[in-house]
Each structure stands twice: as C-alpha cells, then as structure tokens.
Amino acid sequence: DTAVSQTPKYLVTQMGNDKSIKCEQNLGHDTMYWYKQDSKKFLKIMFSYNNKELIINETVPNRFSPKSPDKAHLNLHINSLELGDSAVYFCASSRNGVGANVLTFGAGSRLTVL
Amino acid sequence: DAKTTQPNSMESNEEEPVHLPCNHSTISGTDYIHWYRQLPSQGPEYVIHGLTSNVNNRMASLAIAEDRKSSTLILHRATLRDAAVYYCIPSLIQGAQKLVFGQGTRLTINP
C-alpha cells in the first residue's frame, strides 16, 4: 500500500481549463501539504492543512484552491490554468507531536499546460 | 529562514563513504538541521535531523559543527541507489512543518 498516493500521475491540459489533483494518505497523519517543483527544480510549499484546517497558505494565486474533506485527503483544484502552472506537484503528510518534522511525500503529479 | 549553501554537485564511487557539506551560518538557536533527499522522478524523502549532537540512523550520520554554522551528512557506504539530490534544511519543529528547500547537492555514484 502506497503511504501517500496522488492521482493523476501525469496531466496534460490546455490553458484556461480547470483541473484537480487528488491526494490520499493512509499513515494516520494529521497534517497534509502541497508543494510545487518548477522547471528549475525548486521545491516550494503552497499549502498545509492540519485536521482539515488551513494552517499554511503561501503566496499562491487564488486560482489554486485546496480542499480537505477529511484528514486523510487533501485535493488541489486549479482554475483557469496558465502556462506557468506547469510543474510537478507533490503532496506530503506528517504527524503531530513527535515526528512532526518527518514529512512523507507522494510520487508527484506532473502537470503540463499547453 | 536560514540561508544554506551546498555544493551544486558531488561525485563518489560505490561502496565508498560520502561526506555532503552544508553551511548554514544564519541558523537560529531553535532550528533543527534536517536532511532530505530526492531520488530521480520521486518525491523527497526524509534522511535525518539533529540539533546539536551528532546523530546516526540506518540511512546516514549527521555531524554538526560545534558552532552549528555547518553540518555534514555522511553516507558510510554509498550505493547506486543513493544517487539523488540532497537538501540541507534548517527548520523549527512545529505542527505544520514549513520546509524551505534550496538547490541541494546532486550526488552521482559511479559503479
């Protein structure tokens, strides 16, 4: 069983479309994250949720909207996709308390906007 | 966020030890030093972390300078599977962990 699973793994779409990436973790963790890795390979945090509550919200266009239906799921919806949104998006999770600094990452979802 | 400096790339041979350096001269007193790595086409993976004392786990050792302005990740016997980008990340340990990834060191292992 994959600990942090993301779907889809690859996504190719046209500019202006709306798309979603889903993430699920089966580790029983309380906190989930979205990171973006751009073409220069820099990894940046976008959002973090703790028990369905938004904790970290970096400077991200409001076209990006995370949704956490329960603490095991964190989805990322992107409206009006732009060329610059092309990147690999990584979901991650961590527990509260001891081990909070140990993030488990998914394998990534590569988004290509044409 | 503390600024880190790591070599862009390093190369080593299989079954030899590898020492990956990191400078973090602006680290705050409460920041832990974390190391993560990213294997090709995968998400980052936790390696090790420490505050002041040297740390060992099954993956690696972490040697922290006495003034905490630098640290070294030690892979005792590198394998081909250790080829990855290694990131040194000073960070508080808190509920929602905000890890700031720099450029990292790309480690190549020669057979």
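Everything numeric here is computed off the predicted structure, so don't read it as measured data. (Residues numbered from 1 in each chain as written. Chains lettered and ligands numbered in written order. Predicted model: local features only at pLDDT ≥ 70, side-chain atom pairs only at ≥ 80, totals over all residues. Heavy atoms only, no water.)

Visitor: Where do I start with the overall build of chain B in this structure?
Guide: When helices and strands are counted, chain B shows zero helices and nine strands. Helices and strands in chain B line up, N terminus first, as β-β-β-β-β-β-β-β-β. Computed over the C-alpha atoms, the radius of gyration of chain B is 13 Å, within 12% of the 13 Å expected from 2.2 N^0.38 for a compact globule of 111 residues. Counting only C-alpha atoms, chain B reaches 40 × 30 × 25 Å along its principal axes. Counting every position in chain B, which comprises 111 residues, the buried fraction comes to 45%. Excluding contacts between residues fewer than 6 apart, the proportion of contacts in chain B whose partners are at least 24 apart in sequence is 56%. (Helix = DSSP H or I, 4+ residues; strand = E, 2+ residues; numbered from the N terminus. Rg over C-alpha atoms; globule rule 2.2 N^0.38 Å. Buried < 20%, exposed > 50% of the residue type's maximum accessible area, 1.4 Å probe, protein only. Contact = heavy atoms within 4.5 Å.)

Visitor: Before we go on, may I ask you to explain the state of the cysteines in this structure?
Guide: In protein structure, a disulfide is the covalent linkage between the sulfur atoms of two cysteines. Residue and element names in this part refer to chain B. All chains considered together, the criterion is met by two disulfides over all chains. Between the sulfur of Cys-22 and that of Cys-88 lies a disulfide, 2.1 Å long from S to S. In this structure, the disulfide formed by Cys-22 and Cys-88 twists by about -75 degrees around the S-S bond and is classed as left-handed. Placement of Cys-22 in strand β2 (residues 18-23) and of Cys-88 in strand β8 (residues 84-91) is noted, with a sequence separation of 66 residues between them. For Cys-88, a relative accessible area of 1% puts it in the buried group. (Disulfide = S-S within 2.5 Å.)

Visitor: Would you take a moment to explain the environment of B:His24 for this structure?
Guide: All names here are of chain B. With respect to the helices and strands, His-24 occurs in the loop between β2 and β3 (32-38). Residues His-24 and Ile-89, 65 residues apart in the sequence, show an inter-C-alpha distance of 8.7 Å. If sequence neighbours within four positions are ignored, His-24 has contacts with Lys-3, Thr-4, Ile-33, Arg-68, Lys-69, Ser-70, Ser-71, Cys-88 and Pro-90. Within the structure, the side chain of His-24 is placed 2.9 Å from the backbone oxygen of Arg-68, a separation counted as a polar contact. (Polar contact = N/O pair within 3.5 Å; in protein donor to acceptor, adjacent residues only side chain to side chain.)

Visitor: Hey, could you run me through the sheet that holds strand β4 (residues 44-50) of chain B in this one?
Guide: To summarise the sheet geometry, strands pair through backbone hydrogen bonds and adopt either a parallel or an antiparallel arrangement. Residue and element names in this part refer to chain B. The strand order across the open sheet formed by five strands is β1-β9-β8-β3-β4, and the pairing between neighbours is mixed. Taken across any chain shown, the strands that pair with only one partner, and hence form the sheet edges, are β1 (9-13) and β4. Looking at each pair of strands side by side, their axes are set apart by 25 degrees on average, direction ignored. Where β8 and strand β9 (residues 105-110) come together, three bridges link them in antiparallel fashion. Across the sheet, Val-85 pairs through a bridge with Arg-106, a residue of β9. (Pairing = 2+ DSSP bridges. Axes fitted to C-alpha atoms, helices over the stretch in contact; angles between N-to-C directions.)

Visitor: Is there a simple way to think about the environment of B:Gly104 in this case?
Guide: Residues and elements named next belong to chain B. Note on placement: Gly-104 falls in the loop between β8 and β9. Between the C-alpha atoms of Gly-104 and Glu-15, which are 89 residues apart in sequence, the distance is 22 Å. With residues near it in sequence (within four places) discarded, Gly-104 still touches Gln-6, Pro-7, Asn-8, Val-85, Tyr-86 and Tyr-87.

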